[in-house]
Amino acid sequence: AQSVTQLDSQVPVFEEAPVELRCNYSSSVSVYLFWYVQYPNQGLQLLLKYLSGSTLVKGINGFEAEFNKSQTSFHLRKPSVHISDTAEYFCAVSETGPGTYKYIFGTGTRLKVLA
Amino acid sequence: DAGVTQSPTHLIKTRGQQVTLRCSPKSGHDTVSWYQQALGQGPQFIFQYYEEEERQRGNFPDRFSGHQFPNYSSELNVNALLLGDSALYLCASSLETGGRDEQYFGPGTRLTVT
């Protein structure tokens, strides 16, 4: 069965500092990988996705993530964070095979950007 | 271009009651998925509808049922509500292209069961 682990439940970081949010997954088959952001009282917004090809994926708002198949990781990074990046971040996986459509989400990492 | 819309925004129900939540997909999308997000947790997949049929289901009891209409909108029904059903219910739509198109999420319906 698939699973997603986000080891850090909360990450505090000062404004303009770099940040990395960690995501590890477990699956016996190939997967697609996603990072979503959720602002308070809102739904989820896609930051970036890995389907195939280059393992370094660039997304919106200056975020990027790198797929590492050997370490089954998909960590999210931003070189310089802003106060407005304060939100909950979710990593998700989906199997690539036919007949599988669900996303499996991690428990989320709360990014708190400090002034 | 309207995104995914959900109604109502908030709902308060009593244990044992039944509830219906509604979702309109993003324009051009034909597939709707429902997720339950408990407080402090990630979303959990309930089921997905395509061509008016449920084509995949997560680990949720039969009390959770759904429907998709010809215009691709969808309803989630929950019977015999339990306190543990209190959560944010998210609807996501996508386009079934044979690939793995991203799912677009609505703002959710906050259900409180008392």
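Since the model is a prediction, treat every value here as computed from it, not as a measurement.

1. Observations concerning the packing of aromatic side chains
- Under the definition given, this model contains 16 aromatic pairs over all chains.
- Taken together, a centroid distance of 6.4 Å and an interplanar angle of 35° make the contact between A:Phe34 and A:Tyr36 tilted. In this structure, A:Phe34 and A:Tyr36 share a single accessibility class: buried.
- Plain terms: the ring middles of B:Phe47 and B:Tyr49 are 5.3 Å apart, the flat faces sit at 85° to each other, and that makes the pair edge-to-face.
- A relative accessible area of 0% means that B:Phe47 is categorised as buried.
- Assessed through its relative accessible area of 6%, B:Tyr49 is described here as buried.
- By way of ring pairs, the aromatic residues A:Phe34, A:Tyr36, A:Phe90, A:Tyr103, A:Phe105, B:Tyr35, B:Phe45 and B:Phe105 are connected into one cluster.
- Sitting above the plane of the B:Tyr104 ring, B:Lys26 keeps its charged end 5.1 Å from the centroid.
- Sitting over the ring of A:Tyr101, B:Arg55 keeps its end group 3.5 Å from the ring centre.

2. A short note on unusual backbone geometry
- Note that the residue after B:Ser7, namely B:Pro8, is joined by a cis bond; omega there is -10°.
- For B:Tyr72, which is not glycine, the phi dihedral falls at a positive 80°.

3. Things to note about the sheet that holds strand β8 (residues 74-78) of chain B
Residue and element names in this part refer to chain B.
- Taken in spatial order, the 4 strands line up as β1-β3-β8-β7 in an open sheet, and their pairing is antiparallel. Edge positions in the sheet fall to β1 (5-7) and β7 (64-68), since each of these pairs with one other strand and no more. Going across the sheet, the axis of each strand differs from the next one's by a mean of 20°, ignoring polarity.
- As judged from the 5 bridges shared by β7 and β8, these two strands associate in the antiparallel manner. Of the residues in β8, the one forming a bridge with serine 65 is asparagine 77.

4. Quick word on the nonpolar core
- Membership of the largest hydrophobic core comes to 29 residues, with the highest contact counts inside it found for A:Leu33, A:Trp35, A:Leu47, A:Leu48, A:Phe74, A:Leu76 and A:Tyr89.
- Grouped together as the second largest cluster of nonpolar side chains are 20 residues, B:Val4, B:Ile46, B:Tyr89 and B:Leu111 included.

5. Quick look at the environment of A:Val19
Residues and elements named next belong to chain A.
- Along the chain, valine 19 falls in strand β3 (residues 19-21).
- Given the relative accessible area of 8%, valine 19 is considered buried.
- Considering only alpha carbons, one finds valine 19 and valine 29, 10 residues apart in sequence, at a separation of 29 Å.
- The residues contacting valine 19, other than those within four sequence positions of it, are Val11, Val13, Leu76, Arg77, Lys78, Val81 and Leu111.

Cut-offs applied
Here the residue numbering is sequential within each chain, running from 1 through the sequence in written order. A letter from A marks each chain and a number from 1 marks each ligand, given out in the order of writing. Per-residue local features are limited, in this predicted model, to residues with pLDDT of at least 70; the limit for side-chain atom pairs, both in listing and counting, is 80 or more; totals at the level of whole chains, interfaces and linings are taken over all residues. Think of the side-chain values as coming from all heavy atoms in the structure, minus any hydrogens and water. What counts as a ring pair is set by centres within 6.5 Å for rings of Phe, Tyr and Trp (its six-membered ring), and what kind of pair is set by the plane angle: stacked under 30 degrees, edge-to-face over 60, tilted for all other angles. Buried, partly exposed and exposed residues are distinguished by accessible area as a fraction of the type maximum, computed with a 1.4 Å probe on protein chains only: under 20%, between the cut-offs, and over 50%, respectively. Any Lys NZ or Arg CZ that is within 6 Å of a ring centre and within 35 degrees of that ring's normal is treated as a charge sitting over the ring. When DSSP finds two or more bridges between a pair of strands, those strands are recorded as paired. Strands here mean DSSP runs of E at least two residues long; helices mean DSSP runs of H or I at least four residues long; both are numbered from the N terminus. Here an axis means a line fitted to C-alpha atoms, over the contact stretch when the element is a helix, while the angle between two N-to-C directions is reported on a 0 to 180 degree scale. Only buried residues count toward a nonpolar core, which is a set of Ala, Val, Leu, Ile, Met, Phe, Trp, Tyr and Cys residues joined through side-chain atoms within 4.5 Å. Note on contacts: a residue pair is in contact if any heavy atoms of the two residues lie within 4.5 Å.

Read these as layout, nothing more, since geometry by itself doesn't imply function.
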